[in-house]
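Each chain, written out:
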Amino acid sequence: MSDLLTAGEYRAIAETMTLGGNAFINGIARPAISGETFPTVNPATGAELAHVAACGRADVDLAVQKARDAFADGRWRNQAPAERKRVLIAFAKLVEQNRHELAVLESLDSGKPVAECQTIDLPETVNTIRWHAELIDKIYDHTAPVGHAAMALVVREPIGVVGCVLPWNFPLLMMAWKIGPALAAGCSVIVKPAEETSLTALRLAELAFEAGVPAGVLNVVTGGGPEVGEPIGLHSGIDMVSFTGSTATGKRFLRYAADSNMKRVVLECGGKNPAVVFDDAEDLDLVAEQVVLGAFWNMGENCSATSRLIVHEGVKDDLLRRIKAYMREWRMGDPLDPTNRVGALVSREHFAKVKSYIDKIKDEKLDLIAGGKMEGGVYIEPTVVAGVTRESVLFKEEVFGPLLTVTTFNSVSEAIALANDTTYGLAASIYTGNLKKALKAAREIRAGTVTVNCFGEGDITTPFGGFQESGFGGRDKSIFAHDQYTEIKTIWIDISDRSVDDTVR
Ligand SMILES: NC(=O)C1=CN([C@@H]2O[C@H](COP(=O)(O)OP(=O)(O)OC[C@H]3O[C@@H](n4cnc5c(N)ncnc54)[C@H](O)[C@@H]3O)[C@@H](O)[C@H]2O)C=CC1
Ligand code: BAL
């Protein structure tokens with residue numbers, strides 16, 4: 001899957017691509033009911049890529065009606081799990097076959113480096129769909145220990161119609177994290193991609209349909225947050241919303257649910273993730289490599305990005321020297337050149353937001369260790385700033401860009417207190433050669449994923465989500481994701497003497 005092409009080959013694919021921007025409802029690519037569109041641009045060049053259907057409430061209503069019809073007549077949920085598995089594996093295969101086209105499309109629409117799209121996003125998208133497909137005919141329901149007078153079955157059923165509201169930082173992968181388990185469980189799905197990055201979601205829906213996912217089961221409604229996201233959140237025909245994005249918007253979905261049908265809400269939101277480096281870390285080169293990866297992968301546009309380096313005073317200078325050395329490997333430039341590891345930020349608006357944080361380095365008279373250059377209204381060099389105290393805005397707020405802050409400590413308890421000094425709680429990394437210290441710190445840091453002597457988000461078998469304001473209601477990935485797209489039902493059967501006739505007795 002990671003058969004990288006050359007920059008010339010990727011550019012040739014980009015030039016010959018036909019880009020459609022119609023919504024995808026009930027198996028049909030269709031314009032918005034209003035006929036309105038909005039342009040989607042390549043952030044790296046500013047070039048317009050396509051006109052995307054600017055859907056609204058009426059389109060959401062149509063998609064919900066079609067998704068409900070599909071759920072009611074059972075064309076998908078009543079298929080045997082082994083049959084849903086067969087179709088979803090065919091879907092994963094089609095995604096794999098179209099990996100070069102999808103990697104280019106993802107890179108063009110989001111500014112992500114094509115090499116990352118092809119070596120991380122695409123293989124993980126395929127693996128997610130395949131893993132949940134493989135899971136679905138291996139999960140057994142339960143009988144409860146209720147004694148001889150009854151038999152009680154505890155069964156899981158698909159929750160119904162699911163709205164998936166997506167961010168722009170991993171458009172394909174976040175869609176897979178949600179539709180993989182939702183479709184495997186038998187739900188009908190309405191996807192709302194972020195308005196910055198609609199194109200790969202539309203293509204994925206077409207491929208699912210081609211693989212045999214029936215009409216109405218997977219729909220994509222494109223458009224803005226207030227225009228499409230809000231009607232999804234408030235729709236009484238939707239049983240669950242799974243959202244990834246900012247904490248502020250995530251909280252809106254809790255209000256929408258309260259104001260409508262108490263739909264289930266699962267939120268995966270922001271982070272301000274620490275990497276804690278103790279003075280007994282065994283291999284500072286490895287630490288430097290992993291911290292740089294955690295901070296600058298996907299231009300830091302990542303909810304689990306390492307954004308706060310919390311390092312023991314005694315190893316700070318040595319580690320920063322090594323970090324600077326590793327940063328030389330992170331070339332910035334044209335996202336379609338597979339030798340570049342740093343692409344464009346997703347939009348000029350987002351660039352302005354990240355720039356306002358980088359500008360604070362000067363305002364707060366902080367110590368710029370590396371980077372800091374900003375080019376072309378979308379490129380920001382990976383940047384490291386030291387001398388950051390817990391009072392600084394840079395220590396507290398999610399930047400969602402390539403900025404790593406450095407804060408020092410002198411004791412274990414100070415390190416844990418700094419790591420936990422956040423309203424978020426998504427991810428954290430610990431670096432030490434002392435296993436007991438690592439386990440103790442891992443238990444004490446409030447975060448959904450804690451990695452030891454590495455950066456990462458686990459793999460498809462491990463749940464992903466956050467404590468505090470990083471998340472709500474459930475987890476993406478793993479068997480726990482399956483749980484959130486299902487309802488638990490008890491079926492109680494009376495088999496007591498009074499209910500059984502003499503011939504059976
Ligand atoms: N945790 C994560 O993975 C992400 C975090 N962010 C953070 O959020 C900041 C803002 O980025 P945005 O794109 O504005 O994120 P956002 O959270 O506003 O957008 C995520 C999704 O929610 C939808 N949405 C926006 N407003 C809505 C509303 N009023 N009702 C319903 N749906 C709505 C958007 O259209 C998009 O599909 C970023 O700078 C970053 O800090 C952004 C994207 C992903
Ligand atoms: N890193 C995957 C989840 C996210 O950034 O939203």
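Residues numbered from 1 in each chain as written. Chains lettered and ligands numbered in written order. Predicted model: local features only at pLDDT ≥ 70, side-chain atom pairs only at ≥ 80, totals over all residues. Heavy atoms only, no water.

Visitor: Quick question: what am I supposed to make of the overall build of the chain here?
Guide: Regarding its fold elements, the chain presents 16 helices and 22 strands. Against the globule reference of 23 Å for 505 residues, the chain gives a C-alpha radius of gyration of 24 Å, in line with a compact fold. Projecting the C-alpha coordinates of the chain onto the three principal axes gives extents of approximately 85 × 55 × 45 Å. By residue count, 56% of the 505 residues in the chain fall in the buried class. Pairs at least 24 residues apart make up 74% of the contacts formed inside the chain by residues separated by at least 6 positions. A total of about 20,200 Å² of accessible surface is found on the chain, and carbon and sulfur atoms cover 52% of it. Computed over 52 positive and 66 negative side-chain charges, the inter-centroid distance for the chain is 3 Å. (Helix = DSSP H or I, 4+ residues; strand = E, 2+ residues; numbered from the N terminus. Rg over C-alpha atoms; globule rule 2.2 N^0.38 Å. Buried < 20%, exposed > 50% of the residue type's maximum accessible area, 1.4 Å probe, protein only. Contact = heavy atoms within 4.5 Å. Areas by Shrake-Rupley, 256 points an atom, 1.4 Å probe, with all protein chains shown as cover. Lys, Arg positive; Asp, Glu negative; His and termini not counted. Charge placed at Lys NZ, Arg CZ, Asp CG, Glu CD.)

Visitor: How do you make sense of the packing of helix α4 (residues 99-110) against helix α7 (residues 199-211) when you look at a structure like this?
Guide: When two helices pack together, their arrangement is given by the angle between the helix axes and by the axis-to-axis distance. Where α4 meets α7, the axes come as close as 9 Å, and the angle between the chain directions of the two elements is 155 degrees. Viewed along their axes, α4 and α7 adopt a mutual orientation that is roughly antiparallel. Along its contact with α4, which presents E101, L102, L105, E106 and D109, the element α7 presents L199, T200, R203 and L207. Of the residues in the contact of α4 with α7, the class split is four nonpolar, one polar and four charged. (Axes fitted to C-alpha atoms, helices over the stretch in contact; angles between N-to-C directions. Parallel < 35°, antiparallel > 145°, perpendicular 65-115°, else oblique. Nonpolar A, V, L, I, M, F, W, Y, C, P; charged D, E, K, R; others polar.)

Visitor: Would you take a moment to explain the UniProt feature "domain: Aldehyde dehydrogenase" (unreviewed entry) in the chain for this structure?
Guide: Taken from the UniProt record, the annotation "domain: Aldehyde dehydrogenase" (unreviewed entry) applies to residues 35-491. Segment residues 35-491 splits into 41% helix and 21% strand. End C-alpha atoms: 48 Å apart. (UniProt positions renumbered as here; feature names shortened; annotations may be inferred.)

Visitor: What should I look at first to understand the site of ligand 2 in this one?
Guide: If you check the shell around ligand 2, you find N169, F170, M174, W177, T244, E268, N302, C303 and E457 and nothing else. The contact in question runs from an oxygen atom of ligand 2 to an N or O atom on the side chain of E268, over 3.5 Å. Against a free-state accessible area of 220 Å², the protein chains account for coverage of 98% of ligand 2. The class makeup of the residues in the shell around ligand 2 is four nonpolar, three polar and two charged. (Near = heavy atom within 4 Å. Polar contact = N/O pair within 3.5 Å; in protein donor to acceptor, adjacent residues only side chain to side chain.)

Visitor: Sorry if this is basic, but what is going on with the site of ligand 1 here?
Guide: Every one of the 27 residues lining ligand 1 counts as a neighbour, but W168, E195, S246, Y256 and K353 are closest to it. Interatomic distance of 3.5 Å between a side-chain N/O atom of R252 and a nitrogen atom of ligand 1. Coverage of ligand 1 by the protein amounts to 87% of the 810 Å² it exposes when considered alone. The site holding ligand 1 turns out to be the largest pocket. Of all the elements in the fold, those that place two or more residues in the shell around ligand 1 are α8 (225-234), β10 (240-244), α9 (247-259) and α12 (348-363). Its residues placed into classes, the shell around ligand 1 shows twelve nonpolar, nine polar and six charged. Two domains share the shell around ligand 1, each providing at least three of its residues, namely domain 1 (19-39 + 51-79 + 141-268 + 473-490) and domain 2 (273-452). (1 Å grid on protein atoms, 1.4 Å probe; cavity = no way out; pocket = protein on both sides within 12 Å on 5 of 7 lines; lining within 4 Å. Sits in = over half its atoms within 2 Å of the grid points. Domains from an automatic or database assignment.)

Visitor: Is there a simple way to think about the sheet that holds strand β18 (residues 403-409) in this case?
Guide: The strands making up a sheet associate through hydrogen bonds between their backbones, and the pairing can be parallel or antiparallel. Strand order across the open sheet formed by seven strands is β14-β17-β18-β13-β12-β19-β20, with mixed pairing between neighbours. Lying at the two open borders of the sheet, with one neighbouring strand each, are β14 (367-370) and β20 (449-452). The mean inter-strand angle of the sheet, taken between neighbouring strand axes irrespective of direction, is 25 degrees. When strand β19 (residues 427-431) meets β20, the two strands line up parallel, connected through four bridges. When the sheet's bridge partners are listed, S429 is paired in β20 with T451. (Pairing = 2+ DSSP bridges.)

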